[in-house]
Amino acid sequence: MGQNSSITQTFQRIRNSFSRNGNLPSTDANDRRLITINSGPQTTKFISNDISTSKYSLITFLPKFLFEQFRKYSNIFFLCIVIFQQIPGVSPTGRYTTAVPLSFILCCAAIKEIIEDVKRHIQDDAVNRRKVLIYREGNWIYTSWSKVKVGDIVKVIDKEYFPADLVLISSGEPNSICYIQTSNLDGETNLKVRQGLPQTAHVLSSMQLKDLQGTVECELPNRNLYEFAGTLKINSAAFPIPLGADQILLRGSQLKNT
């Protein structure tokens, strides 16, 4: 492994509270996740790493757009006027007096929504197509962010962004330390320190990675950015190793000086 790299274990972001023995407090299988490391398909089906921030597609645009527009009381009011104006003898004004301005306003709003959503689609595609090194079947391969799977081992180079929420296994720095910038998440530009576990800090070569197998147990994803607890069970270790916020690298953070 190069000096300017960090090896990380893919993982969904979670918030946990540890009991003193390092085990997860809940025993309900529905309240936690079990992720296998470097050992083929997961026992649980997880969602893909593909992201989508767009609101519409070609099929859903018209119904969603009309629903959003006619949730506004003003548009409902003018729509009722348009309907009454279409009944002969009910309205003293012309049939198109209100219909034309309302249609024009809706068309302008539709054009604005289309332009903004196309930009979102373009941005999502650019993010999903970003490349990252992952370790699969004994080889390092470049793949797009959207194809990163839970349980993959990822190699992140200095100044790259993390493609998913990760657990730090080791880095090229002494004591398995790395520095990250989380300005995309919390607006803070100062670098934060993360450190891999002593039990995994020695894993720096492909041969060592090939022999690294185990499981990560953690709670379900949530919105808490600053708390994390889980356990890492390595096959060669007798007991689970506690994981905390110091080992978590959240998607959107950037690796710095490592």
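Structure: see above.
Owing to the predicted nature of the structure, the values given are computational and were not obtained by experimental measurement. (Residues numbered from 1 in each chain as written. Predicted model: local features only at pLDDT ≥ 70, side-chain atom pairs only at ≥ 80, totals over all residues. Heavy atoms only, no water.)

A.B. asks: Pulling in residues and values, what's your account of the side chain of Asp124?
C.D. replies: Structurally, Asp124 can be placed in helix H3 (residues 99-128). It turns out Asp124 is buried and unbridged, and the closest side chain with the opposite charge, Arg120, is 7.5 Å from it. One polar contact links the side chain of Asp124 to the main-chain amide nitrogen of Ser54, over a distance of 3.5 Å. In this view, Asp124 contacts Ile51, Ser52, Thr53 and Ser54; residues no more than four positions away in its chain are not counted. (Helix = DSSP H or I, 4+ residues; strand = E, 2+ residues; numbered from the N terminus. Buried < 20%, exposed > 50% of the residue type's maximum accessible area, 1.4 Å probe, protein only. Lys, Arg positive; Asp, Glu negative; His and termini not counted. Salt bridge = Lys/Arg side-chain N within 4 Å of Asp/Glu carboxyl O. Polar contact = N/O pair within 3.5 Å; in protein donor to acceptor, adjacent residues only side chain to side chain. Contact = heavy atoms within 4.5 Å.)

A.B. asks: Which residues make up the sheet that holds strand S13 (residues 254-256), and what values do they have?
C.D. replies: Strand order in the open sheet formed by three strands is S8-S7-S13, and the pairing between neighbours is antiparallel. What marks the edges here is a single partner per strand, and that holds for strand S8 (192-195) and S13. Across the sheet, the axes of successive neighbouring strands diverge by a mean angle of 45°, strand direction being ignored. Bridge count for strand S7 (residues 177-181) against S8 is four bridges, and the pairing is antiparallel. Bridged to Ile177 within S8 is Gln195. (Pairing = 2+ DSSP bridges. Axes fitted to C-alpha atoms, helices over the stretch in contact; angles between N-to-C directions.)

A.B. asks: So what's going on with unusual backbone geometry? Residues and values would help.
C.D. replies: The phi dihedral of Glu137 is positive, around 55°, even though this residue is not glycine. By secondary structure assignment, the location of Glu137 is in the loop between strand S3 (131-136) and strand S4 (139-144). By relative accessible area, Glu137 is classed as exposed at 82%. Look at Asn257: it is not a glycine, yet its phi comes out positive at around 55°. For Asn257, a relative accessible area of 52% puts it in the exposed group.

A.B. asks: Before we move on, could you go through the pairing of S7 and cite the residues and values that matter?
C.D. replies: Judged by how many residues are buried, S7 sits mostly within the fold: four of five residues are covered. Note: S7 against S13, three bridges, orientation antiparallel. Each residue of the ladder has a partner; that of Gln181, found in S13, is Gln254.

A.B. asks: Pulling in residues and values, what's your account of the environment of Pro242?
C.D. replies: The topology assignment puts Pro242 in strand S11 (residues 241-243). A sequence separation of 25 residues divides Pro242 from Glu217, and the C-alpha atoms of the two residues are 9.8 Å apart.

A.B. asks: Mind laying out the packing of aromatic side chains, listing which residues take part and the relevant values?
C.D. replies: Under the defined criterion, the tally for this structure stands at four aromatic pairs. Arranged with centres 5.1 Å apart and planes meeting at 75°, the rings of Tyr56 and Phe61 form a pair that is edge-to-face. We note that Tyr56, like Phe61, is buried. Between Phe61 and Phe65 the ring centres are 5.5 Å apart and the planes differ by 15°, which places this aromatic pair in the stacked class. Here Phe61 pairs with Phe65, and both are found in helix H1 (residues 61-69), just four residues apart, close to one helical turn. Just as Phe61 is buried, Phe65 falls in that class too. Each member of the aromatic cluster is reached from another via a ring pair, and the members are Tyr56, Phe61 and Phe65. Here Lys155 stacks its cationic end above the ring of Trp140, 5.9 Å away from the centre of that ring. (Phe/Tyr/Trp six-rings, centres within 6.5 Å; stacked < 30°, edge-to-face > 60°. Lys NZ or Arg CZ within 6 Å of the ring centre and 35° of its normal.)

A.B. asks: Tell me what's going on with H1, and back it up with residues and numbers.
C.D. replies: Along H1, the residues classified as buried are Phe61, Phe65 and Gln69. The buried side chains of H1 occupy one side of the element, clustering within an arc of 50° when seen end-on. Along H1, the residues that are exposed and aim more than 90 degrees away from the buried face are Pro63 and Phe67. Buried residues along H1 sit in contact with helix H2 (73-85) and H3. (Arc of directions from axis to C-beta.)

A.B. asks: Which residues make up the sheet that holds strand S9 (residues 214-219), and what values do they have?
C.D. replies: With antiparallel pairing, four strands are arranged side by side in an open sheet as S2-S9-S10-S11. Strand pairing shows two members of the sheet lacking a second neighbour, strand S2 (32-37) and S11, which therefore form its edges. Between one strand axis and the next, the sheet turns through 25° on average, direction left out of account. Summarising the sheet, S2 and S9 pair through six bridges and their orientation is antiparallel. Considered in S9, the bridge of Arg33 is made with Cys218.

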